[in-house]
Amino acid sequence: MSILVYIENVEGELKKSAYETLSYGKALGDMTGEEVTALSIGNVSGEQLEKVGKYGVKKVIEVNTKDLSHFLNQAYASVISEVAKNLHTNTVVLANSFSGKGLAPRVAAKLSAALADGAISLPEISGAAWTIKKAVFSNKAIATEELHEQKKVIAITPNSLEAKVSPVEVTVEKYEPQVLPADLSTIIKDIVRATDKISLPEADIVVSAGRGMKGPENWAMIEELAQVLGAATACSKPVSDAGWRPHEEHVGQTGLAVTPNLYIAIGISGAIQHLAGVSASKTIVVINKDPEAPFFKVADYGIVGDAFEVIPQLIEAIKAY
Ligand code: FAD
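Residues numbered from 1 in each chain as written. Predicted model: local features only at pLDDT ≥ 70, side-chain atom pairs only at ≥ 80, totals over all residues. Heavy atoms only, no water.

Visitor: Residues and numbers for the overall build of the chain, please.
Guide: For the chain, the count of helices and strands is eight helices and 17 strands. Scaling as 2.2 N^0.38, a compact globule of 321 residues should have a C-alpha radius of gyration of about 20 Å, and the chain matches this with 21 Å. Its C-alpha atoms put the chain at 60 × 45 × 40 Å along the principal axes. Taking all 321 residues of the chain together, 48% fall into the buried category. Taking all contacts inside the chain whose residues are at least 6 apart in sequence as the whole, residues at least 24 apart take part in 65%. Of the roughly 15900 Å² of accessible surface on the chain, a fraction of 52% belongs to carbon and sulfur atoms. Averaged over its 30 positive side-chain charges, the chain has a centre that lies 3 Å from the centre of its 38 negative ones. (Helix = DSSP H or I, 4+ residues; strand = E, 2+ residues; numbered from the N terminus. Rg over C-alpha atoms; globule rule 2.2 N^0.38 Å. Buried < 20%, exposed > 50% of the residue type's maximum accessible area, 1.4 Å probe, protein only. Contact = heavy atoms within 4.5 Å. Areas by Shrake-Rupley, 256 points an atom, 1.4 Å probe, with all protein chains shown as cover. Lys, Arg positive; Asp, Glu negative; His and termini not counted. Charge placed at Lys NZ, Arg CZ, Asp CG, Glu CD.)

Following this line, the structure appears as structure tokens:
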């Protein structure tokens, strides 16, 4: 029996969440005594695949066929299940990312496995039952879920568990899956943004701003703060609705849910719909001129002040640090 870890890439580079899933798989292997294998789908260089060994996983199966060079939910789920069946896998681990959210239930259905999506802990194992913690209700509560099936699919929330380094030698094995034409029938248009900005779902630090910034012309200071911190930028819904910022920066209940280590909210009131997408961040810093702003209730640190005075000082202080 074995554990299979699906590692995601973007444009051929392993994502940060890939390292977290590898580290999770390795820890799970240490607990169960099962062998851990990673699975990469798409055009990922050998140099990138070597990095798998850094997180204690000794073997990578590489699927790099032309048909699968772009992400396709149905086809990727078929490949993951096929490899899992070949390896007699009991547990499939993947990230609960945008694509992982589509893959995990499909893989679970194909393997007749129990599904824990949004896991934020390693399981407690008691005989056949595994107990896993997961964030629910837009991160307002933590549910404890018991899995009783022998086969399990665990989709872990990005940034919820640290990737632990434990280097080993890694071997890469190429594999040609039997993908059905029906799985490949989706026509896709791949839009690649030419940007050197940090990807918001993957970011360790997010600088987010709201209507308190008054207008799009004032975003230069938000971008500068993000740049000096090595952060991604985000915004509240009204800001993207007004066209001040692109829609992919909108976080919250109806936007992206993010879980960075540091979320800095500037001129955002902290409405419940906004908090739904950001409250699982490890540390929240709020900058708002209204001391009664609801965001302060969930903040770890707060600055009551005018963003137009605070942000330039913050940028100068960080630059001088
Ligand atoms: P405002 O509520 O206008 O707050 C602006 C804040 O800036 C205030 O707290 C003010 O004190 C502060 N401020 C003003 N000037 C300054 C200054 N100079 N310096 C510092 N602070 C200043 N919202 C989301 O963000 N994401 C969602 O996904 C989302 N989904 C929704 C879904 C539904 C069904 C509904 C009904 C609403 C949703 N909303 C969502 C909207 C949400 O309810 C709020 O209206 C929105 O989050 C408010 O955005 P804001 O905080 O930027 O603006």
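Visitor: Which residues make up the site of the ligand, and what values do they have?
Guide: Near the ligand you find 26 residues, and of these R211, S236, T254, S269 and N288 are the closest. H250 places a polar side-chain atom, nitrogen or oxygen, 3.0 Å from an oxygen atom of the ligand. For the ligand, a nitrogen atom lies 2.8 Å from a polar atom in the backbone of A307. Burial of the ligand by the protein amounts to 75% of the accessible area it has alone, namely 990 Å². For the shell around the ligand, the class distribution of residues is six nonpolar, 14 polar and six charged. (Near = heavy atom within 4 Å. Polar contact = N/O pair within 3.5 Å; in protein donor to acceptor, adjacent residues only side chain to side chain. Nonpolar A, V, L, I, M, F, W, Y, C, P; charged D, E, K, R; others polar.)

Visitor: Let's hear about a positive patch on the surface: which residues, and what values?
Guide: Judged by side-chain charge, K85, R106, K110 and K151 come together as a positively charged surface patch. For K151, the location among the structural elements is in the loop between β10 (141–147) and β11 (152–156). K151 gets classed as partly exposed once you look at its relative accessible area, which sits at 33%. (Patch = residues over 30% accessible without salt bridge, like charges linked within 9 Å, V, L, I, M, F, W, Y side chains within 5 Å. Salt bridge = Lys/Arg side-chain N within 4 Å of Asp/Glu carboxyl O.)

Visitor: Got a sec to walk through the pattern of salt bridges? Specific residues and values, please.
Guide: Summed over all chains, the structure comprises 12 salt bridges. Notably, a salt bridge pairs E62 with K174, separated by 2.9 Å at the nearest N-O pair. With E62 in strand β5 (residues 59–63) and K174 in strand β12 (residues 171–174), this pair connects stretches of sequence that are 112 residues apart. Note on K174: relative accessible area 64%, which makes it exposed.

Visitor: So what about the packing of helix α5 (residues 220–229) against helix α8 (residues 307–320)? Which residues, and what values?
Guide: Helix packing geometry: the angle between the two helix axes and the distance between the axes. Contact geometry for α5 and α8: axes closest at 10 Å, N-to-C directions at 25 degrees. With respect to α8, the element α5 is oriented roughly parallel. The two elements α5 and α8 meet at a crossing, and its hand is left-handed. In this structure, α5 contributes M221, E224, L225, V228 and L229 to the contact, and α8 contributes A307, F308, I311, P312, L314, I315, I318 and K319. Here the residues of the contact of α5 with α8 sort into 11 nonpolar, no polar and two charged. (Axes fitted to C-alpha atoms, helices over the stretch in contact; angles between N-to-C directions. Parallel < 35°, antiparallel > 145°, perpendicular 65-115°, else oblique. Left-handed = near helix turned anticlockwise from the far one by under 90°.)

Visitor: Describe the UniProt feature "domain: Electron transfer flavoprotein alpha/beta-subunit N-terminal" (unreviewed entry) in the chain, naming the residues involved and giving the relevant values.
Guide: Per the UniProt record, "domain: Electron transfer flavoprotein alpha/beta-subunit N-terminal" (unreviewed entry) is found at residues 3–184. Secondary structure content for residues 3–184 is 27% helix and 34% strand, and the end C-alpha separation is 26 Å. (UniProt positions renumbered as here; feature names shortened; annotations may be inferred.)

Visitor: How would you explain the pairing of β10 if you had to name every residue and give the values?
Guide: Two elements, strand β9 (residues 129–136) and β10, share seven bridges in a ladder whose sense is antiparallel. Across the sheet, the residue bridging to V136 is A141, located in β10. (Pairing = 2+ DSSP bridges.)

Visitor: Break down the nonpolar core for me, with residues and values.
Guide: Core analysis: the largest hydrophobic core is formed by 27 residues, its most contacted members being I7, L22, V52 and I154. Here the element with the most residues in this core is helix α1 (residues 16–32); it accounts for five residues. Setting aside its immediate chain neighbours within four residues, I154 contacts Y24, L28, T91, V92, V93, L94, A116, A119, W130 and I132. (Core = buried A, V, L, I, M, F, W, Y, C linked by side-chain atoms within 4.5 Å.)

Visitor: Account for the packing of helix α3 (residues 73–86) against helix α4 (residues 98–111), with residues named and values stated.
Guide: The N-to-C vectors of α3 and α4 enclose an angle of 45 degrees; their axes lie 9 Å apart at closest approach. As far as their axial angle goes, α4 and α3 are oblique. Pair α3 / α4 crosses with right-handed handedness. On the side of α3, the interface is formed by N73, Q74, Y76, A77, S78, I80, S81, A84 and K85, while α4 contributes S99, G102, L103, R106, V107, K110 and L111. For the contact of α3 with α4, a count of residues per class yields seven nonpolar, six polar and three charged.

Visitor: So what's going on with α3? Residues and values would help.
Guide: Every α-helical turn comprises 3.6 residues, leaving residues that sit three or four positions apart pointing alike. Helix length check: α3 (14 residues) gives 20 Å between terminal C-alpha atoms against 20 Å at 1.5 Å per residue, within 8%. Most of α3 is tucked away: 10 of the 14 residues are buried. Inspection of α3 places A75, Y76, A77, S78, V79, I80, S81, E82, V83 and A84 among the buried residues, and these make up the whole buried set. Each element contacted by the buried residues of α3 is listed here: β1 (2–7), β4 (35–41), β5, β6 (89–95) and α4. Phi turns positive, to about 55 degrees, at H88, one or two residues after α3. (Expected span 1.5 Å × (residues − 1).)

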